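Structure assessment
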Amino acid sequence: MKFRRVKPNDIWDILEISNDFIVRKFSINRRNITREEHKKWFGNIDKTLFFVIEVENKVVGQVRFSRKGGNIFEVSISIHPKYRSKGLGKLILLKGLKQLFLRYPKARILARVFINNQASINLFKKFNFRSIGFDKGMYIFLYRRN
Ligand SMILES: CC(C)(COP(=O)(O)OP(=O)(O)OC[C@H]1O[C@@H](n2cnc3c(N)ncnc32)[C@H](O)[C@@H]1OP(=O)(O)O)[C@@H](O)C(=O)NCCC(=O)NCCS
């Protein structure tokens, strides 16, 4: 198992995770993503705070922090369906947060989670993300380091 920054070659492994049924179900845009759309998105996205977990040379999880202005970042996380509930979500979030705070010690992290996405709610609560609101069927969680 290896945690590392995303690389250009990871493009299709990332699409496979993103197009998983559960990932789409809990995303704002629920439609399947085409290869063309993904290519464009992946080519343009800021990869500074985009990390993956690799198992046997395959990318099986991703975490990304997108800057919303100032010290506010929004987190996006997903694990390949075959690799869920094995602790990889916790691991990639822990390591990702460490990298984020190394670069931005004052970072605050937002997570928007659909109210029926119990695995994610549990995950963020476990990391002491606090619920600060509710919008369009989603909880808004905020994390700040003490
Ligand atoms: C949310 C997600 C990233 C968690 O990753 P994971 O590798 O399955 O999670 P882990 O095995 O590390 O478990 C972390 C915690 O999540 C919770 N959890 C994981 N699977 C769960 C499940 N099936 N039901 C309820 N809670 C669950 C638990 O609290 C768990 O901690 P614990 O094992 O100490 O009790 C993964 O389920 C996923 O990719 N979901 C689809 C994408 C998604 O919803 N992303 C978040 C959008 S905001």
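Scroll up to find the structure.
Described below are features of the structure shown in this document. (Residues numbered from 1 in each chain as written. Predicted model: local features only at pLDDT ≥ 70, side-chain atom pairs only at ≥ 80, totals over all residues. Heavy atoms only, no water.)

A word on the packing of aromatic side chains. Counting across every chain of the model gives eleven aromatic pairs. Each ring, one from phenylalanine 134 and one from tyrosine 139, has its centre 5.9 Å from the other, and the planes form 65 degrees; the classification is edge-to-face. Take tyrosine 139: its relative accessible area is 30%, and that puts it in the partly exposed class. Each member of the aromatic cluster is reached from another via a ring pair, and the members are Phe101, Phe124, Phe129, Phe134, Tyr139, Phe141 and Tyr143. Cation over ring: lysine 47 sits above phenylalanine 42, and NZ or CZ is 4.8 Å from the ring centre. In this structure, arginine 145 packs its charged tip against the face of phenylalanine 101, placed 4.3 Å from the ring centre. (Phe/Tyr/Trp six-rings, centres within 6.5 Å; stacked < 30°, edge-to-face > 60°. Buried < 20%, exposed > 50% of the residue type's maximum accessible area, 1.4 Å probe, protein only. Lys NZ or Arg CZ within 6 Å of the ring centre and 35° of its normal.)

Among the 21 residues in the neighbourhood of the ligand, the closest are listed as Ser85, Gly87, Lys90, Asn117 and Lys126. In the environment of the ligand, an oxygen atom lies 3.5 Å from a nitrogen or oxygen atom belonging to the backbone of alanine 119. A distance of 3.4 Å separates an oxygen atom of the ligand from a polar atom in the side chain of serine 120. Calculation on the ligand without its partners gives an accessible area of 920 Å², and the protein chains cover 76% of this total. When atom positions are compared with the pocket grids, the ligand is found to occupy the largest pocket. Listed by contribution, the elements that provide at least two residues to the shell around the ligand are α2 (21–25), β4 (72–79), α4 (88–103), β5 (108–114) and α5 (118–126). Take the shell around the ligand: its biggest share by element is five residues, from α5. Tallied by class, residues from the shell around the ligand come to nine nonpolar, seven polar and five charged. (Near = heavy atom within 4 Å. Polar contact = N/O pair within 3.5 Å; in protein donor to acceptor, adjacent residues only side chain to side chain. Areas by Shrake-Rupley, 256 points an atom, 1.4 Å probe, with all protein chains shown as cover. 1 Å grid on protein atoms, 1.4 Å probe; cavity = no way out; pocket = protein on both sides within 12 Å on 5 of 7 lines; lining within 4 Å. Sits in = over half its atoms within 2 Å of the grid points. Helix = DSSP H or I, 4+ residues; strand = E, 2+ residues; numbered from the N terminus. Nonpolar A, V, L, I, M, F, W, Y, C, P; charged D, E, K, R; others polar.)

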